[in-house]
Amino acid sequence: MKSTATRRHGAPPERRRDASGRTRSRAERVTEGPREHRRADGRSDRRTSRRAAATTATTTRTRRRRTTPHQRVQPRTKVRAAPPRRKRSRLRVGSPRQRLIVALVVIAAVLIGLIGRVAYLQTTEADTLRSAATDQWTRAVTIPAQRGTVFDRHGAELAMSVPAVTVSINPKLIENGPATIQVLDDLLDLSDDETTSLLAEIEAKDRGFVFVRRQADADIGDEIASMRLAGVNVDRESRREMPGGDTGRSVIGRTNIDGVGISGLELQYEDVLAGAVGKLRREVAPGGRSIPGSETVTEQPVAGDDLVLTLDRSVQYSTEQVLLEQVAALGAKGATAIAMDTDTGEIYSMASVRRDADTGQYEVTNGNFAAVDAYEPGSVAKVITISSALSEGLVTPETSYVVPWRKQYYDDLLKDSHQHPDEVMSVSRILTESSNIGTIFVQQEMGRERHREYMAAFGLGSKTALDFPGESTGILKEAKDLWGSERVTVAYGQGVSSTSLQLVAAINTIANRGTYVAPKLVKATVGPDGTITETAPSESRPVVSEQAAVQTTEMMRNVVCSGTATRAQVDGLSVAGKTGTAFKAADNGTYFDDDGNRIYYASFVGFFPAENPQVTVLVSVDEPPAGTDDRFGGTAAAPVFAELAPTLIHELGIVPTPGATGCTPT
Amino acid sequence: MPALPLLRDTAPRREQAAPAPELSVVPRRRRWPAMIAGLAWTSVFLGLLGAAVFHTQLAERQLELDRLDRRVAAERERFDELRYERAELRSPVRLAAAAGELGMRRGRASTFVTVAPLAVARQLAAAGPIGDRAVQIVIHSDPLDQFRAVKSVTEGTP
């Protein structure tokens with residue numbers, strides 16, 4: 001059946017049986033053609049075999065074409081050229097197997113090397129290379145942190161950061177320089193010099209970044225940014241502002257244009273106010289331009305803490321204004337004033353004003369002279385001497401001495417402020433009339449060593465707890481280091497120097513019933529989450545007995561009512577105080593200026609209500625007019641106190657003691 | 001020839017014992033591989049579609065977050081600007097200048113008076129005590145408290 005079927009369909013001409021009887025296909029026979037050209041030794045001649053194979057294949061194809069009658073008439077035979085004879089390579093050494101093994105070994109070695117290199121790059125060098133690659137296509141930008149605000153004790157802003165912008169240009173990218181600068185000039189009100197400089201930069205195209213304006217208004221910056229000027233950049237930043245003008249500038253200090261504190265509390269509390277900057281990573285194109293939308297904040301900035309000061313903005317303003325008016329009226333060089341809470345040491349106001357050397361105008365100073373400028377306190381120091389002697393029990397207010405108006409001590413003839421006959425003076429009267437000679441008598445009761453210890457206990461000769469930047473320690477020599485008349489003049493404040501801050505804290509000890517309390521400027525801080533952290537209470541220490549303090553207070557009331565400080569009286573308010581008129585040491589080492597005139601430092605320190613002191617105020621006038629009656633503490637400084645006291649009472653809510661009439665007899 | 005009947009007897013027996021032949025000419029194709037393949041393709045397609053939708057949603061949410069961040073920053077800036085303006089308006093410098101323009105001058109003398117309790121009682125009886133509304137205005141206008149509230153929300157983000 002099978003053979004019949006084969007015949008029916010026609011046997012394929014290609015299939016033939018070989019010698020072994022196996023049926024082979026035509027293709028097999030064609031490929032096996034070269035076998036017919038084997039040598040007698042059984043090895044094939046490759047060249048001959050190839051030619052034979054080509055000839056056989058051609059013959060086969062020709063044979064198939066013969067089935068077409070047309071082609072049978074004139075058959076065509078395709079003749080192929082023999083392949084070019086290859087020149088045997090001299091480099092071909094060894095057997096193919098050996099060459100193959102060598103090649104495999106080489107390839108394996110190369111692969112192993114590559115794998116090792118990849119492993120090395122992916123492990124040891126991975127971080128370095130990854131960061132290097134990241135640096136190529138990203139840029140890290142610092143996000144400034146919001147600088148903390150400085151508040152007064154009632155939450156009013158004294159210094160704060162407001163949004164601002166920095167406008168800069170890239171001269172290499174600006175397309176129309178004059179037009180661009182004209183637009184910027186219209187919006188930023190550039191000066192002629194600035195405009196000329198910018199045009200020159202654009203012309204030169206040397207630099208890729210030029211500032212146009214730092215800390216410009218944010219609204220103007222938004223307007224410039226909305227124009228999308230080529231080569232003009234607007235970057236956001238902040239600007240430090242004081243909403244109250246110069247109020248408190250002496251204490252708060254300043255920041256530089258980058259927002260870093262450079263003076264005052266801004267410098268002292270830089271770490272607190274600054275916060276922590278954040279970081280933003282931005283992808284950049286090969287040309288260096290940022291790719292929009294590629295910004296990623298890698299570190300969020302943390303806003304700085306805020307400071308809540310003990311200052312009262314209204315009291316601070318009033319203090320500065322009263323000082324400015326007084327120094328302008330006197331023609332003095334400058335003045336300082338401090339108002340301090342008697343119990344807590346919190347400073348309500350600390351002002352420094354000075355005449356500008358160039359313009360002659362009086363203004364609030366950038367420097368806090370109340371803390372950094374030391375001077376000889378003069379008669380104000382008599383309070384320390386007499387209260388110390390009272391505390392030691394060496395004298396009482398009624399202890400009396402025969403006091404001449406002048407006396408020779410060592411190489412100096414020391415005098416009282418006014419001539420008077422030798423007369424019996426009580427300790428109380430010595431303080432009331434501010435007798436220098438009488439105070440020396442009291443100091444001699446204690447001895448210089450003991451007196452020096454008391455002055456140190458009152459805080460002279462060492463920095464206060466404020467540790468204000470540039471704060472002076474003043475000068476308080478050891479007793480053994482005093483020379484000449486200094487040994488006794490320290491009793492009434494010559495030969496010793498202190499800052500206004502030290503002096504107000506010292507006299508506040510008397511107001512605070514004999515207990516020294518350190519001055520304090522920072523009441524609290526506000527953290528990033530809005531929580532308030534109160535600062536520690538001021539350190540305090542007993543210095544003199546309460547009885548001595550009360551006795552001294554009574555003497556100081558007499559000073560105001562009938563002594564040298566009558567111009568410090570406030571109607572309806574009991575005031576205790578002490579004046580001081582000190583010779584001021586000039587730069588030439590003497591107490592005289594270059595014209596031979598004496599120069600003075602006039603002071604008044606007082607507290608009220610005298611029955612229950614709540615505020616202590618010190619006013620110091622630097623170089624009041626010499627040769628006039630306005631050079632004394634009672635005339636130059638005490639009136640400032642009298643003018644300031646009602647403001648303090650009103651702003652601080654102090655209620656005068658019922659029934660108190662000041663110095664007016666009831 | 002006598003063997004033929006035997007063959008006749010045995011042949012039917014063999015036919016009866018053999019299993020029933022497959023009657024279908026074309027063998028039935030198994031469908032479950034196709035179903036599994038289809039299910040797999042559908043799963044892959046839905047998975048890819050879901051991933052695309054998820055990423056789209058993620059991008060949209062991120063854009064929304066960025067927009068909210070920018071708005072918070074802008075509002076925070078606005079808050080600081082308004083705070084600054086208020087501080088300026090309430091500063092003693094401006095108040096004194098405004099008062100000076102109105103012809104007001106600082107008093108050179110102060111007189112402290114003691115108000116009799118009876119006078120205070122009469123005044124309260126006539127005008128009434130201070131209302132809660134006035135107290136609230138005073139209490140809730142504390143700039144420091146307002147600032148703290150905003151700062152606690154922004155958590156230090158400028």
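Remember, predicted model here, so these are calculated numbers, not experimental data. (Residues numbered from 1 in each chain as written. Chains lettered and ligands numbered in written order. Predicted model: local features only at pLDDT ≥ 70, side-chain atom pairs only at ≥ 80, totals over all residues.)

Any chance you could explain the overall build of chain A here in plain terms?
Scanning chain A from N- to C-terminus turns up 22 helices and 26 strands. The buried share of chain A, reckoned over its 666 residues, is 41%. Of the contacts formed within chain A by residues at least 6 apart in sequence, a portion of 70% connects residues at least 24 apart. (Helix = DSSP H or I, 4+ residues; strand = E, 2+ residues; numbered from the N terminus. Buried ≥ 20, exposed ≤ 12 C-beta atoms within 10 Å, placed from the backbone. Contact = placed C-beta atoms within 7 Å.)

Help me understand the nonpolar core in this model?
Taken as a class, soluble globular proteins show a tendency for nonpolar side chains to be buried jointly. All names here are of chain A. In this structure, I338, V619 and F641 are the most contacted members of the largest nonpolar core, which totals 131 residues. No other element matches the 10 residues that helix α22 (residues 633-652) contributes to this core. The contacts of I338, once residues within four sequence positions are left out, are I347, S349, M350, A370, S500, L501, V504 and L618. Counting 15 residues, the second largest nonpolar core, distinct from the first, contains A164, V167, I169 and V212. (Core = buried A, V, L, I, M, F, W, Y, C linked by C-beta atoms within 7 Å.)

When you look at the interface of chain B and chain A in this model, what are you seeing that I'm missing?
Tallying the contact residues gives 27 residues for chain B and 34 residues for chain A. Listing elements by their share of the side of chain B that touches chain A, those giving two or more residues are α2 (32-90), α3 (92-101) and α6 (143-154) of chain B. Examining the composition of the side of chain B that touches chain A, we find that 8 residues originate from one element, α2(B), more than from any other. Its residues assigned to classes, the side of chain B that touches chain A shows 10 nonpolar, 7 polar and 10 charged. (Nonpolar A, V, L, I, M, F, W, Y, C, P; charged D, E, K, R; others polar.)

Quick question: what am I supposed to make of unusual backbone geometry here?
Residue and element names in this part refer to chain A. In this model, F608 is joined to P609 through a cis peptide bond whose omega is -20°. As for its placement among the helices and strands, P609 is situated in the loop between β25 (600-608) and β26 (615-622). For S434, which is not a glycine, the phi torsion comes out positive at approximately 60°. Tracing the sequence through the fold places S434 in the loop between α16 (427-432) and α17 (436-446). Positioned with a positive phi, R513 is a non-glycine residue whose angle comes to about 60°.

How should I be thinking about helix α7 (residues 177-188) of chain A in this particular structure?
In an α-helix there are 3.6 residues to a turn, and that puts residues three or four apart on one side. All names here are of chain A. For α7, with 12 residues, the first-to-last C-alpha span of 16 Å sits near the 16 Å given by 1.5 Å per residue. Of all the residues in α7, the buried ones are T180, I181 and L184. Summarising the axial view, the buried residues of α7 lie within an arc of 95°, below the 170-degree limit, and thus occupy one face. Exposed residues pointing more than 90 degrees away from the buried face of α7 are listed as P178, A179 and D186. D189 occupies a position one or two residues after α7 and carries a positive phi of about 55°. (Expected span 1.5 Å × (residues − 1). Arc of directions from axis to C-beta.)

Would you take a moment to explain the confidence of the model for chain B for this structure?
Atomic detail in the predicted coordinates should be set aside for any region of low pLDDT. Residues and elements named next belong to chain B. Model confidence for chain B is summarised by a mean pLDDT of 79, while 76% of its residues fall at 70 or above. Across chain B, α3 holds the top mean pLDDT of 93, while helix α1 (residues 3-17) sits lowest at 52. Two numbers describe this predicted complex: its pTM, 0.75, and its ipTM, 0.72. (pLDDT = per-residue confidence, 0-100.)

What am I meant to see in the sheet that holds strand β13 (residues 362-364) of chain A here?
Sheet strands associate in pairs through backbone hydrogen bonding, adopting either a parallel or an antiparallel arrangement. Residues and elements named next belong to chain A. Strand order across the open sheet formed by 6 strands is β13-β12-β11-β26-β25-β24, with antiparallel pairing between neighbours. If you trace the sheet from one side to the other, it starts and ends with β13 and β24 (576-583), each paired once. With strand direction ignored, the average angle separating the axes of adjacent strands in the sheet is 15°. Pairing geometry for strand β11 (residues 334-341) and β26, over 8 bridges, is antiparallel. Of the residues in β26, the one forming a bridge with T336 is S620. Lying over the sheet, α22 contacts β11, β12 (347-355), β24, β25 and β26, oriented at roughly 35° with respect to β25. (Pairing = 2+ DSSP bridges. Axes fitted to C-alpha atoms, helices over the stretch in contact; angles between N-to-C directions.)

Where do I start with helix α6 (residues 126-137) of chain A in this structure?
When the terminal C-alpha atoms of α6(A) are compared, their 17 Å separation across 12 residues agrees well with the 16 Å that a helix rising 1.5 Å per residue should span. Summarising burial for α6(A): 0 of the 12 residues are buried, a small minority.

Sorry, what's going on with the pairing of β12(A) here?
On any regular strand, side chains alternate: one points to one face of the sheet, the next to the other face. Residue and element names in this part refer to chain A. For β12, a buried count of 8 out of 9 residues is recorded, marking the element as mostly surrounded by other parts of the structure. Where β11 and β12 come together, 7 bridges link them in antiparallel fashion. Residue pairing for β12: A339 is matched across the bridge by S349. In this antiparallel pair of consecutive strands, β11 and β12, the connection spans 5 residues, and G345 shows a positive phi of 80°. Summarising the sheet, β12 and β13 pair through 3 bridges and their orientation is antiparallel. Counted as the bridge partner of R354 is E363 from β13. Remark: 6 residues form the turn of the hairpin made by β12 and β13, two consecutive strands paired antiparallel; G360 in that turn has positive phi of roughly 80°.

Please clarify how the pairing of strand β17 (residues 412-415) of chain A should be interpreted in this entry.
Residues and elements named next belong to chain A. Strand direction decides the pairing type here: strand β16 (residues 406-409) and β17, joined by 4 bridges, are antiparallel. Bridge assignment links R406 to a residue of β17, and that residue is K415. Here β16 folds back onto β17, and the loop between the two strands holds 2 residues, one of which, Y410, carries a positive phi near 55°.

Honestly, the confidence of the model for chain A in this entry has me stumped. Any pointers?
Residues and elements named next belong to chain A. Looking at chain A as a whole, its pLDDT mean stands at 85, while 85% of the residues score no less than 70. The secondary-structure element of chain A with the lowest mean pLDDT is helix α1 (residues 2-9), recorded at 41, while strand β20 (residues 515-517) shows the highest, at 97. A low-confidence stretch, residues 1-71 stays under pLDDT 50, and its non-local contacts, those more than four residues away or across chains, total 42 contacts.

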